[in-house]
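Understanding the architecture of this molecule
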Amino acid sequence: MTVSTGTLGSAGTAVESKSVNRGATLGAGAIVLLGVAATVAFFPLNAANGARGSIGGSVLLTTGFTAFSLVGGLIAARLPRNATGWLMLAVGAGAMVMNAAQQYAKYGLETNPGSLPGALAVAWVGNWGFYAALVNALFLLLLFPTGRPVSRAWRIVLWIDVVLVLVVISSLAFGPRPLEGLDVPNPVRIVSLAPVLRAIDQGGAAGVMLFVVLLTCLGSPILRARRASGVERQQL
């Protein structure tokens, strides 16, 4: 995977580039380790909560997310200015952290109430955070492999998609629906916006918005493949 970062015109620029790479390596490594730690915490918490679902399925899922974050970490460390690696990290490590967060919240609020600090806050973040992590996979389609939109016009498409996703995530974060998997009201619901947020979350608007995002993200690699040449075509 290649990305143009410009020509180093001075020793100072070279030092700056090395500093960026070093910082990116540390940052990507920290995110990967956070995801792995979350995965380690997930299994005992899941067991304590009754271990719903297949253990084999959970192992397969977490293995996939771990692999995704490891590859993303390697790309982010090598090409810190390419969004591809960071998006892969957001999907893989983000999903693992949110999985663990949901189990943490369930244990602290239902299985053994009051036993874990901050369980309600963690439950609120987990209510929308898992979806926020996964939706980065759509933006990965939009920006792969260069980490940039296929053209200037597609920058507008990218920002429209970002706004639509933020609207959907906001309906989960601040809407009236109880926290997912828990019989607990949303602690930060915005009562005055409840009808609008309910219509987005439960009235089908969220599905329509995400479908629009999906279509544009699927269209980008098709257009990119038609225009690409050389290394970029091989990567696609």
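Located above this text is the structure these notes cover.
Let me begin by describing the structure that accompanies this report.

The rules behind these values
Residues numbered from 1 in each chain as written. Predicted model: local features only at pLDDT ≥ 70, side-chain atom pairs only at ≥ 80, totals over all residues. Heavy atoms only, no water. Helix = DSSP H or I, 4+ residues; strand = E, 2+ residues; numbered from the N terminus. Buried < 20%, exposed > 50% of the residue type's maximum accessible area, 1.4 Å probe, protein only. Contact = heavy atoms within 4.5 Å. Areas by Shrake-Rupley, 256 points an atom, 1.4 Å probe, with all protein chains shown as cover. 1 Å grid on protein atoms, 1.4 Å probe; cavity = no way out; pocket = protein on both sides within 12 Å on 5 of 7 lines; lining within 4 Å. Points joined across faces, edges and corners; volume = space filled by probe spheres on them. Nonpolar A, V, L, I, M, F, W, Y, C, P; charged D, E, K, R; others polar.

Focus on the overall build of the chain
Secondary structure assignment for the chain yields 9 helices and 0 strands. Taken from the N to the C terminus, the helices and strands of the chain come in the order α-α-α-α-α-α-α-α-α. Counting only residues that meet the buried cut, the chain has 39% of its 236 residues in that class. Contacts spanning at least 24 positions in sequence make up 70% of the contacts within the chain whose residues lie at least 6 apart. Within the structure as shown, the chain displays about 12500 Å² of accessible surface, and the carbon and sulfur contribution to it stands at 69%.

Observations regarding the layout of surface pockets
Its boundaries defined by the atoms lining it, the largest pocket holds a volume of some 420 Å³. Lining the largest pocket are 20 residues, with Gln102, Gln103, Lys106, Glu180 and Gly181 positioned closest to its centre. Of all the secondary structure elements, the ones that give two or more residues to the lining of the largest pocket are α1 (11-48), α3 (83-111) and α4 (119-134). Looking at the lining of the largest pocket residue by residue, the class counts come to 8 nonpolar, 9 polar and 3 charged.

Keep in mind that these numbers describe shape and distance, not what the molecule does.
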